[in-house]
Each structure stands twice: as structure tokens, then as C-alpha cells.
Amino acid sequence: MLDLDPMVDILKAVAELTRLRILVLLSEGDLTVSDLMTILGQSQPRVSRHLRLLQEALLIDRYQEGAWAYFRLSENALRTNIVHFIIEKLNRNDVLLDHDLDRLRQVKLQRQEYATAYFSANAGQWDELRLLHVSDKAIEEALLRVVGSYPFQAMLDVGTGTGSLLRLFAPLYARGVGIDINRDMLAVARVNLDKAGITHALVRWEDISVLPVECEIFDLITIHQVLHFLDEPQMAICRAASVLSPGGRLVIVDFAPHNFEFLRSKHAHRRLGFSDEQIKKWLKSAKLEFVMSEEFAHEGTDIDKGLTVKLWLARNPAMLISDN
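Just so you know, these numbers come straight off a predicted model, no measurement behind them.

## Regarding the overall build of the protein
Part 1 of the reasoning: Tallying secondary structure elements over the protein gives 13 helices and ten strands in all.
Part 2 of the reasoning: Here the protein, with 324 residues, has 49% of them falling under the buried criterion.
Part 3 of the reasoning: Looking at the protein alone, contacts between residues at least 24 apart form 68% of all its contacts between residues at least 6 apart.
Part 4 of the reasoning: Total accessible area on the protein stands at roughly 16000 Å², and carbon and sulfur atoms take up 54% of it.

What follows is the structure, given as C-alpha cells:
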């Protein structure tokens, strides 16, 4: 519950056209000042002023990733519930809101097109690029150690790229599925699976953020160097959790936090790494149990200095109910 004064502060902050539009947009995902300027058609000082007022009312949060500042709805449950209550009462067919949401779709489409173009240009060498000089062998040995040698029924590789993890775990699963949004990648993956003689795995085009993998459930789901390309990585984790079998495991491999802005500008990275706290929070929200993490230090030339790869393992704590 809120006292009168903070409630009045919230209502004052919301009761302005641009700020209300911003809240609607942030309810659709995290955005930068530049994104909001493009969508709203307003200057940087004006957008920044509205964001500051919303922050002062504790309705939004700001976080920094390298040179970019992102904004999202507050993690304060009570205040966010108030914001969502107000947004739900709005007519989404309002001309101005419809325009904003259309521009938002264009911004997200441009992000996706940029990432897809990058993937297409680098499909043939993607395995090497995505590891950024961290030893292939070290990562694969750790994955095999963490997953173990006990056979299981089904595996899903989210953002499969060239299908390297489908090849790695082929001796363990009865059925493997790899999904990716890039058809060039999938073409390479199919060739690699054919060369390896793997007939019990398939790859297909699907949107990682939606993950509409029919009604299948999987005993192992891998998300290998994918989250940093996504606008909403936590949503990918939630989607993965929704198709994870009781007792099933989720393995995430990605970068620890870093400040290498060139990865964003030249290699389509949306996120500059993830902390243990961030991943654990998203796992908890997805109702998954964090099991362990492992760290792999950078190696190679000076440009890699400071880059670290992390592996996180989680499991679905739900128990399989016997028919007996």
C-alpha cells in the first residue's frame, strides 16, 4: 500500500501525454533514449526530461551497458502494478498510441534486420566468432562434464547457429531440435549434421523470442552465445523454461559483463554480458532452480583482454508424476 503523497507523485508523473506514451512503450520492452526519440519524434533534452521525472516517481529504472543507457519499467511490484493498471485502461487503437507502437515495431525490425545481416555475412565462420577466442575445447569439455553421460530423450538448441551443440550431444539424445532465425545459419547446420551422419536431429527456422516449439518438452535446452543478441533475453529464458521437462536442465553460455562497445557497433550485440545476479534473477522468475556456474577466462590477443565466458546450469525443480 502507498501513502497519499507518493500516490499523488505517481499520478502527477503519469498525467502527462508524453510520459504516458513512454510508459506504454516501456511496457513492451527496454528502450534507449535514441529509440524513444525515434518513436516519439522528440528531441533528446525533452525525452531525457520526461525520463528523469518518471525515474523520480520510481516508475522506471535506468541501467547502463557500455556507452548506452537503457530504460525499463520499475522492478517495484506495487508501482509497476499501478502503471499496468493504467495502461490496460487505454485504447490501443488510439491514433497516437497506434502510431507509437507502429514505430516501435519498426525500431525492433531494424534491430533484427541488422542482426540477421550480420549473421548472414558471417555464417560460415560463426563458431569461431561467437567464442571470441575462448577455447572451443574448454567450453565443450565443460558442457559435456556438466550434462554428464546419461542418455536422455530430447534436446533443444536455441539459436543453434552451425549446429555445433547438436553435434556435441548427438550420442546422448534420442531426438534433437535446433532453431535459429537465420536461414544461412540453418543451411550450414544442415550440412554439418549431414557430414557427421546425424539423422536424429533437425534444424528449423523459428523466432527465438517466441519459441513456438509446438507442444514438445525437452530434457536438455541449450542457449549458447545467444542471449547477448536479444532485446529481451529474460523472455528467451522464460520461453525455454515453458518447454523444459520436469527435472530437465537448461544450460546457458554467454559473456560476463564487459565494456567492449565494438561488439555492439560491429557485431550486433544488444547486451554487453550478464552477471550471475542477473541470470539468477531471470531463472527464478522462470521458476527454474539455479544449480551452478563456471567461468572461463579470455585468452589470445590484446583485443580480447578482459572478456570472460560464463556457463550457467539450471534445472526444472518440478517432479515427474508417475501414472502408477
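## Details of the pattern of salt bridges
Part 1 of the reasoning: For the structure on display, the rule yields eleven salt bridges.
Part 2 of the reasoning: Of the charged contacts, one joins Arg315 and Glu289 as a salt bridge, the two residues approaching to 2.9 Å between their closest N and O atoms. On the criterion of sequence distance, the pair formed by Arg315 in strand β10 (residues 308-315) and Glu289 in strand β9 (residues 289-297) is long-range, its members being 26 residues apart.
Part 3 of the reasoning: We classify Arg315 as partly exposed; its relative accessible area is 26%.
Part 4 of the reasoning: Note that Lys310 is salt-bridged to Glu295, the shortest N-O span being 3.8 Å. One end of the pair, Lys310, is in strand β10; the other, Glu295, is in strand β9, with 15 residues separating them in the sequence.
Part 5 of the reasoning: With a relative accessible area of 7%, Lys310 lands in the buried category.
Part 6 of the reasoning: Here Glu295 falls in the exposed class, since its relative accessible area comes to 55%.
Part 7 of the reasoning: Each of Asp276, Glu295 and Lys310 takes part in one network of salt bridges that share partners.

## So, helix α10 (residues 183-195)
Part 1 of the reasoning: Here α10 contains 13 residues, and its C-alpha end-to-end distance of 18 Å stays within 8% of the 18 Å for a straight helix at 1.5 Å per residue.
Part 2 of the reasoning: Listed as buried for α10 are Met185, Leu186, Ala189, Asn192 and Leu193. Looking straight down α10, one finds its buried side chains confined to an arc of 120°; they lie on one side. Along α10, exposed side chains directed more than 90 degrees from the buried face belong to Arg183, Asp194 and Lys195.
Part 3 of the reasoning: For α10, the capping residue at the N-terminal end is Asn182, with a side-chain oxygen 2.8 Å from the backbone nitrogen of Met185.

## Focus: the packing of aromatic side chains
Part 1 of the reasoning: Inspection of every chain in the model, using the stated rule, returns one aromatic pair.
Part 2 of the reasoning: Their ring planes at 70° and their centres at 5.8 Å tell us that Phe274 and Trp282 sit as a pair that is edge-to-face.
Part 3 of the reasoning: On the accessibility criterion, Phe274 (1% relative accessible area) is buried.
Part 4 of the reasoning: In this structure Trp282 comes out as buried when scored by relative accessible area, which is 10%.

## Examining the sheet that holds strand β6 (residues 201-205)
Two modes of strand pairing occur in sheets, parallel and antiparallel, and in both the strands are linked by backbone hydrogen bonds.
Part 1 of the reasoning: Strand order across the open sheet formed by seven strands is β6-β5-β4-β7-β8-β10-β9, with mixed pairing between neighbours. Edge positions in the sheet fall to β6 and β9, since each has one partner strand and no second. Each strand of the sheet is rotated relative to its neighbour by a mean of 15°, with strand direction disregarded.
Part 2 of the reasoning: As judged from the five bridges shared by strand β5 (residues 173-180) and β6, these two strands associate in the parallel manner. Counted as the bridge partner of Gly178 is Val203 from β6.
Part 3 of the reasoning: Helix-sheet contacts for helix α13 (residues 276-285) involve β8 (244-255), β9 and β10, and the interaxial angle to β10 is about 25°.

## Describing the packing of helix α3 (residues 33-40) against helix α4 (residues 44-56)
Part 1 of the reasoning: Put simply, α3 and α4 touch, their axes get as near as 10 Å, and they point 110° apart. In this view, α3 runs roughly perpendicular relative to α4, as classed from their interaxial angle. Seen along the crossing, α3 lies across α4 with a hand that is right-handed. Across the interface between the two elements, Val33, Leu36, Met37 and Leu40 from α3 touch Gln44, Val47, Ser48 and Leu51 from α4.
Part 2 of the reasoning: Each residue belonging to the contact of α3 with α4 can be placed in one class, and the counts come to six nonpolar, two polar and no charged.

## Remarks on α13
Part 1 of the reasoning: Taken together, the buried positions of α13 are occupied by Ile279, Trp282 and Leu283. The buried residues of α13 occupy an angular sector of 100° when the element is viewed end-on, so they sit on one face. Seen from the open side of α13, the exposed residues pointing more than 90 degrees away from its buried face are Glu277 and Lys284.
Part 2 of the reasoning: Contacts made by the buried residues of α13 are with α11 (233-242), β8, β9 and β10.

## Things to note about unusual backbone geometry
Across residues other than glycine, the phi torsion is negative in most instances, and most of the peptide bonds are trans.
Part 1 of the reasoning: Positive phi outside glycine occurs at Leu58, with the angle close to 60°.
Part 2 of the reasoning: Relative to the helices and strands, Leu58 resides in the loop between α4 and β2 (60-65).
Part 3 of the reasoning: A residue is classified by how much of its surface remains accessible, and Leu58, at 46% relative accessible area, is partly exposed.
Part 4 of the reasoning: Even without a glycine there, the phi angle at Gln225 is positive, about 50°.
Part 5 of the reasoning: Its place among the elements puts Gln225 in the loop between β7 (218-224) and α11.

About the cut-offs
- Residues numbered from 1 in each chain as written.
- Predicted model: local features only at pLDDT ≥ 70, side-chain atom pairs only at ≥ 80, totals over all residues.
- Heavy atoms only, no water.
- Helix = DSSP H or I, 4+ residues; strand = E, 2+ residues; numbered from the N terminus.
- Buried < 20%, exposed > 50% of the residue type's maximum accessible area, 1.4 Å probe, protein only.
- Contact = heavy atoms within 4.5 Å.
- Areas by Shrake-Rupley, 256 points an atom, 1.4 Å probe, with all protein chains shown as cover.
- Salt bridge = Lys/Arg side-chain N within 4 Å of Asp/Glu carboxyl O.
- Expected span 1.5 Å × (residues − 1).
- Arc of directions from axis to C-beta.
- Polar contact = N/O pair within 3.5 Å; in protein donor to acceptor, adjacent residues only side chain to side chain.
- Phe/Tyr/Trp six-rings, centres within 6.5 Å; stacked < 30°, edge-to-face > 60°.
- Pairing = 2+ DSSP bridges.
- Axes fitted to C-alpha atoms, helices over the stretch in contact; angles between N-to-C directions.
- Parallel < 35°, antiparallel > 145°, perpendicular 65-115°, else oblique.
- Left-handed = near helix turned anticlockwise from the far one by under 90°.
- Nonpolar A, V, L, I, M, F, W, Y, C, P; charged D, E, K, R; others polar.

Everything listed here is a matter of geometry and, on its own, says nothing about what the molecule does.
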